[in-house]
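Descriptive structure summary
Listed here are the chains, written in short residue letters.
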Amino acid sequence: MSKKLVNVIINGKKIEAPASHSAIQAYWYAGYSRVEGIGCLEGVCGSCRIMVRRANSKEVRTQLACQTFIEEGMQIIFLVFPTPTHHSYQLTDIKNSWDVQGQFHQIFPETSSCRACGGCTESCPKGIEVQRGVELAAKGKFREAGELFIECVMCNLCMTTCPEHIAPNHVGLFCRRLIAYFHIRPSNLISRLEELRQGDMPVIMS
Ligand code: SF4
Ligand code: SF4
(Lines give C-alpha, C1' and ligand atoms only; values in the text may rest on other atoms or scores of the structure.)
(Ligands and ions follow the chains in the order given, each with its own letter.)
Protein backbone atom coordinates (compact mmCIF):
# COMPACT_ATOMS: atom_id res chain seq x y z
CA MET A 1 0.00 0.00 0.00
CA SER A 2 1.39 3.44 -0.95
CA LYS A 3 2.80 5.56 1.89
CA LYS A 4 2.40 8.79 -0.06
CA LEU A 5 -0.09 11.06 1.68
CA VAL A 6 -2.45 13.31 -0.23
CA ASN A 7 -4.70 16.14 0.94
CA VAL A 8 -8.39 16.01 0.19
CA ILE A 9 -11.59 17.56 1.49
CA ILE A 10 -14.37 15.14 2.35
CA ASN A 11 -17.70 16.47 3.59
CA GLY A 12 -15.97 19.81 4.28
CA LYS A 13 -13.21 18.26 6.42
CA LYS A 14 -9.54 18.53 5.50
CA ILE A 15 -8.07 15.06 5.44
CA GLU A 16 -4.60 13.68 4.83
CA ALA A 17 -4.54 10.02 3.88
CA PRO A 18 -2.54 7.52 1.80
CA ALA A 19 -2.98 7.88 -1.95
CA SER A 20 -3.94 4.22 -2.21
CA HIS A 21 -7.08 4.78 -0.12
CA SER A 22 -10.57 4.99 -1.52
CA ALA A 23 -12.70 7.96 -0.51
CA ILE A 24 -14.43 6.00 2.24
CA GLN A 25 -11.16 4.50 3.51
CA ALA A 26 -9.65 7.99 3.67
CA TYR A 27 -12.61 9.28 5.66
CA TRP A 28 -12.30 6.42 8.14
CA TYR A 29 -8.50 6.75 8.19
CA ALA A 30 -8.94 10.35 9.39
CA GLY A 31 -11.06 9.11 12.28
CA TYR A 32 -14.49 10.11 11.04
CA SER A 33 -17.35 7.73 11.46
CA ARG A 34 -19.66 6.97 8.60
CA VAL A 35 -22.21 4.17 8.53
CA GLU A 36 -25.02 5.75 6.50
CA GLY A 37 -24.86 5.29 2.75
CA ILE A 38 -22.19 2.61 3.03
CA GLY A 39 -22.70 -0.96 1.91
CA CYS A 40 -20.63 -3.69 0.31
CA LEU A 41 -17.42 -1.66 -0.25
CA GLU A 42 -16.92 -3.60 -3.48
CA GLY A 43 -18.82 -1.47 -5.99
CA VAL A 44 -21.82 -3.76 -6.06
CA CYS A 45 -24.52 -2.32 -3.81
CA GLY A 46 -24.52 1.30 -5.05
CA SER A 47 -24.94 2.82 -1.58
CA CYS A 48 -21.85 5.01 -1.25
CA ARG A 49 -22.67 7.71 -3.77
CA ILE A 50 -20.44 10.77 -3.83
CA MET A 51 -19.92 13.95 -5.79
CA VAL A 52 -16.30 14.48 -6.77
CA ARG A 53 -14.43 17.51 -8.01
CA ARG A 54 -10.77 17.12 -8.91
CA ALA A 55 -8.10 19.78 -8.50
CA ASN A 56 -7.97 22.30 -11.36
CA SER A 57 -11.28 21.10 -12.73
CA LYS A 58 -14.71 22.67 -12.64
CA GLU A 59 -16.38 19.40 -13.52
CA VAL A 60 -18.30 17.58 -10.80
CA ARG A 61 -18.75 13.84 -11.28
CA THR A 62 -20.93 11.34 -9.46
CA GLN A 63 -19.09 8.20 -8.41
CA LEU A 64 -18.99 5.48 -5.76
CA ALA A 65 -16.83 6.15 -2.68
CA CYS A 66 -15.55 2.59 -2.47
CA GLN A 67 -14.23 2.71 -6.04
CA THR A 68 -12.80 6.24 -6.07
CA PHE A 69 -9.16 6.54 -5.05
CA ILE A 70 -8.26 9.89 -3.55
CA GLU A 71 -6.05 12.34 -5.42
CA GLU A 72 -4.35 15.53 -4.25
CA GLY A 73 -6.82 18.41 -4.03
CA MET A 74 -9.92 16.31 -4.52
CA GLN A 75 -13.20 17.56 -3.02
CA ILE A 76 -15.73 14.92 -2.12
CA ILE A 77 -19.24 15.02 -0.69
CA PHE A 78 -21.26 11.98 0.28
CA LEU A 79 -24.76 11.99 -1.13
CA VAL A 80 -27.62 10.70 0.95
CA PHE A 81 -31.12 10.84 -0.42
CA PRO A 82 -34.24 8.77 -0.17
CA THR A 83 -34.87 6.19 -2.86
CA PRO A 84 -38.54 6.52 -3.75
CA THR A 85 -40.08 4.76 -6.66
CA HIS A 86 -43.56 5.44 -7.91
CA HIS A 87 -43.71 2.28 -10.00
CA SER A 88 -45.70 -0.70 -8.88
CA TYR A 89 -46.35 -3.80 -10.97
CA GLN A 90 -46.67 -7.56 -10.94
CA LEU A 91 -45.16 -9.44 -13.84
CA THR A 92 -47.83 -12.10 -13.31
CA ASP A 93 -50.37 -9.49 -14.50
CA ILE A 94 -48.75 -9.58 -17.94
CA LYS A 95 -50.49 -12.54 -19.49
CA ASN A 96 -48.23 -12.98 -22.49
CA SER A 97 -45.34 -11.27 -24.20
CA TRP A 98 -47.65 -9.57 -26.73
CA ASP A 99 -48.93 -7.37 -23.90
CA VAL A 100 -45.53 -6.28 -22.65
CA GLN A 101 -45.09 -3.06 -24.58
CA GLY A 102 -48.54 -1.74 -23.68
CA GLN A 103 -48.04 -2.65 -20.02
CA PHE A 104 -44.62 -1.05 -19.98
CA HIS A 105 -46.01 2.30 -21.13
CA GLN A 106 -48.73 2.12 -18.49
CA ILE A 107 -46.19 1.43 -15.76
CA PHE A 108 -43.53 3.86 -17.01
CA PRO A 109 -45.49 6.50 -19.00
CA GLU A 110 -42.81 9.12 -18.35
CA THR A 111 -40.25 7.29 -20.51
CA SER A 112 -41.87 8.73 -23.63
CA SER A 113 -40.88 12.20 -22.31
CA CYS A 114 -37.16 11.42 -22.36
CA ARG A 115 -35.46 14.50 -23.76
CA ALA A 116 -32.21 12.70 -24.60
CA CYS A 117 -30.24 15.06 -22.42
CA GLY A 118 -27.71 12.39 -21.47
CA GLY A 119 -27.75 13.33 -17.78
CA CYS A 120 -28.44 9.80 -16.67
CA THR A 121 -25.55 8.38 -18.67
CA GLU A 122 -23.20 11.06 -17.37
CA SER A 123 -24.16 10.36 -13.78
CA CYS A 124 -23.69 6.59 -13.92
CA PRO A 125 -20.65 5.40 -11.95
CA LYS A 126 -20.81 2.07 -13.75
CA GLY A 127 -20.43 3.51 -17.24
CA ILE A 128 -23.80 2.17 -18.40
CA GLU A 129 -25.38 3.65 -21.53
CA VAL A 130 -28.40 4.58 -19.46
CA GLN A 131 -30.11 6.91 -21.93
CA ARG A 132 -29.83 4.27 -24.66
CA GLY A 133 -31.38 1.73 -22.31
CA VAL A 134 -34.37 3.99 -21.72
CA GLU A 135 -34.75 4.62 -25.45
CA LEU A 136 -34.58 0.89 -26.25
CA ALA A 137 -37.16 0.05 -23.61
CA ALA A 138 -39.50 2.78 -24.84
CA LYS A 139 -39.30 1.19 -28.32
CA GLY A 140 -40.13 -2.24 -26.92
CA LYS A 141 -36.60 -3.60 -27.26
CA PHE A 142 -36.62 -5.02 -23.76
CA ARG A 143 -33.98 -7.70 -24.21
CA GLU A 144 -31.40 -5.23 -25.54
CA ALA A 145 -32.32 -2.72 -22.84
CA GLY A 146 -32.11 -5.28 -20.05
CA GLU A 147 -28.68 -6.45 -21.16
CA LEU A 148 -27.38 -2.88 -20.96
CA PHE A 149 -28.34 -2.71 -17.28
CA ILE A 150 -26.65 -5.95 -16.18
CA GLU A 151 -24.00 -4.04 -14.19
CA CYS A 152 -26.50 -1.64 -12.57
CA VAL A 153 -26.07 -1.40 -8.80
CA MET A 154 -29.30 0.58 -8.20
CA CYS A 155 -27.46 3.58 -6.80
CA ASN A 156 -30.30 5.85 -8.05
CA LEU A 157 -27.95 8.53 -9.38
CA CYS A 158 -29.53 8.35 -12.84
CA MET A 159 -33.00 8.73 -11.35
CA THR A 160 -31.91 11.71 -9.30
CA THR A 161 -30.41 13.36 -12.35
CA CYS A 162 -33.38 12.98 -14.67
CA PRO A 163 -35.33 16.21 -15.32
CA GLU A 164 -38.34 14.18 -16.49
CA HIS A 165 -38.56 12.10 -13.32
CA ILE A 166 -37.80 8.93 -15.22
CA ALA A 167 -36.27 6.14 -13.15
CA PRO A 168 -33.92 4.56 -15.70
CA ASN A 169 -32.63 2.00 -13.22
CA HIS A 170 -36.16 0.77 -12.56
CA VAL A 171 -36.79 0.65 -16.29
CA GLY A 172 -33.67 -1.49 -16.54
CA LEU A 173 -34.73 -3.71 -13.66
CA PHE A 174 -38.15 -4.20 -15.27
CA CYS A 175 -36.45 -5.29 -18.50
CA ARG A 176 -34.15 -7.72 -16.70
CA ARG A 177 -37.04 -9.23 -14.77
CA LEU A 178 -39.02 -9.49 -17.98
CA ILE A 179 -36.24 -11.39 -19.74
CA ALA A 180 -36.15 -13.91 -16.91
CA TYR A 181 -39.94 -14.13 -16.60
CA PHE A 182 -40.57 -14.99 -20.24
CA HIS A 183 -37.47 -17.09 -20.63
CA ILE A 184 -37.79 -20.85 -21.00
CA ARG A 185 -35.99 -22.33 -18.00
CA PRO A 186 -33.16 -24.85 -18.52
CA SER A 187 -34.56 -28.20 -19.61
CA ASN A 188 -32.66 -30.18 -16.95
CA LEU A 189 -34.14 -27.93 -14.23
CA ILE A 190 -37.64 -28.37 -15.62
CA SER A 191 -37.15 -32.16 -15.77
CA ARG A 192 -35.85 -32.32 -12.23
CA LEU A 193 -38.76 -30.25 -10.86
CA GLU A 194 -41.18 -32.48 -12.76
CA GLU A 195 -39.56 -35.58 -11.22
CA LEU A 196 -40.04 -34.02 -7.79
CA ARG A 197 -43.64 -33.13 -8.56
CA GLN A 198 -44.43 -36.66 -9.69
CA GLY A 199 -42.70 -38.19 -6.67
CA ASP A 200 -40.11 -39.99 -8.83
CA MET A 201 -37.33 -38.40 -6.87
CA PRO A 202 -37.66 -38.53 -3.08
CA VAL A 203 -36.74 -35.46 -1.09
CA ILE A 204 -34.68 -36.41 1.97
CA MET A 205 -35.13 -34.04 4.90
CA SER A 206 -32.30 -34.10 7.40
S1 SF4 B 1 -27.94 2.82 -14.18
FE2 SF4 B 1 -28.47 4.34 -12.60
S3 SF4 B 1 -28.83 3.15 -10.71
FE4 SF4 B 1 -27.72 1.82 -12.19
S5 SF4 B 1 -25.55 2.07 -11.65
FE6 SF4 B 1 -25.99 3.56 -13.29
S7 SF4 B 1 -26.59 5.47 -12.21
FE8 SF4 B 1 -26.64 3.80 -10.69
S1 SF4 C 1 -31.70 12.00 -17.69
FE2 SF4 C 1 -33.86 11.48 -18.11
S3 SF4 C 1 -34.47 12.82 -19.81
FE4 SF4 C 1 -32.22 12.84 -19.75
S5 SF4 C 1 -31.61 11.18 -21.19
FE6 SF4 C 1 -31.72 10.25 -19.14
S7 SF4 C 1 -33.81 9.40 -19.00
FE8 SF4 C 1 -33.80 10.88 -20.73
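Rules used in this analysis
- Residues numbered from 1 in each chain as written.
- Chains lettered and ligands numbered in written order.
- Predicted model: local features only at pLDDT ≥ 70, side-chain atom pairs only at ≥ 80, totals over all residues.
- Helix = DSSP H or I, 4+ residues; strand = E, 2+ residues; numbered from the N terminus.
- Expected span 1.5 Å × (residues − 1).
- Buried ≥ 20, exposed ≤ 12 C-beta atoms within 10 Å, placed from the backbone.
- Contact = placed C-beta atoms within 7 Å.
- Near = placed C-beta within 6 Å.
- Nonpolar A, V, L, I, M, F, W, Y, C, P; charged D, E, K, R; others polar.
- Core = buried A, V, L, I, M, F, W, Y, C linked by C-beta atoms within 7 Å.
- Domains from an automatic or database assignment.

A few words on helix α7 (residues 168–181). Taking 1.5 Å of rise per residue, 14 residues should cover 20 Å, and α7 covers 20 Å from first to last C-alpha, within 8% of that figure. By the burial criterion, the buried members of α7 are Pro168, Asn169, His170, Val171, Gly172, Phe174, Cys175 and Leu178. Elements that come into contact with the buried residues of α7 comprise α2 (100–107), α3 (119–123), α4 (130–138), α5 (142–148) and α6 (157–161).

Near ligand 1 there are 15 residues, and of these Cys124, Cys152, Cys155, Cys158 and Asn169 occur at the shortest range. Its residues placed into classes, the shell around ligand 1 shows 10 nonpolar, four polar and one charged.

Nonpolar side chains in soluble globular proteins tend to end up buried together. Val8, Ala23, Ala26, Ala137 and Cys175 are the most contacted members of the largest nonpolar core, which totals 45 residues. Here the element with the most residues in this core is α4; it accounts for five residues. Formed jointly, this core draws a minimum of three residues from each of two domains, domain 1 (5–78) and domain 2 (91–181).

Let us now look at the domain arrangement of the protein chain. Each assigned domain of the protein chain is listed with its residue range as follows: domain 1 (5–78) and domain 2 (91–181). Distance from the C-alpha centre of domain 1 to the C-alpha centre of domain 2: 29 Å. Each partner contributes residues to the interface: domain 1 has seven residues there, and domain 2 has six residues. For the side of domain 1 that touches domain 2, the element with the highest residue contribution is strand β4 (residues 60–64), accounting for three residues. Split into classes, the residues belonging to the side of domain 1 that touches domain 2 amount to three nonpolar, three polar and one charged.

To continue, consider the site of ligand 2. Around ligand 2, the surrounding shell holds 16 residues, and the nearest of these are Cys114, Cys117, Gly119, Cys120 and Cys162. When residues of the shell around ligand 2 are traced back to their parent elements, those giving at least two are α3 and α4. With three residues, the single largest contributor to the shell around ligand 2 is α4. Tallied by class, the residues present in the shell around ligand 2 amount to 10 nonpolar, four polar and two charged.

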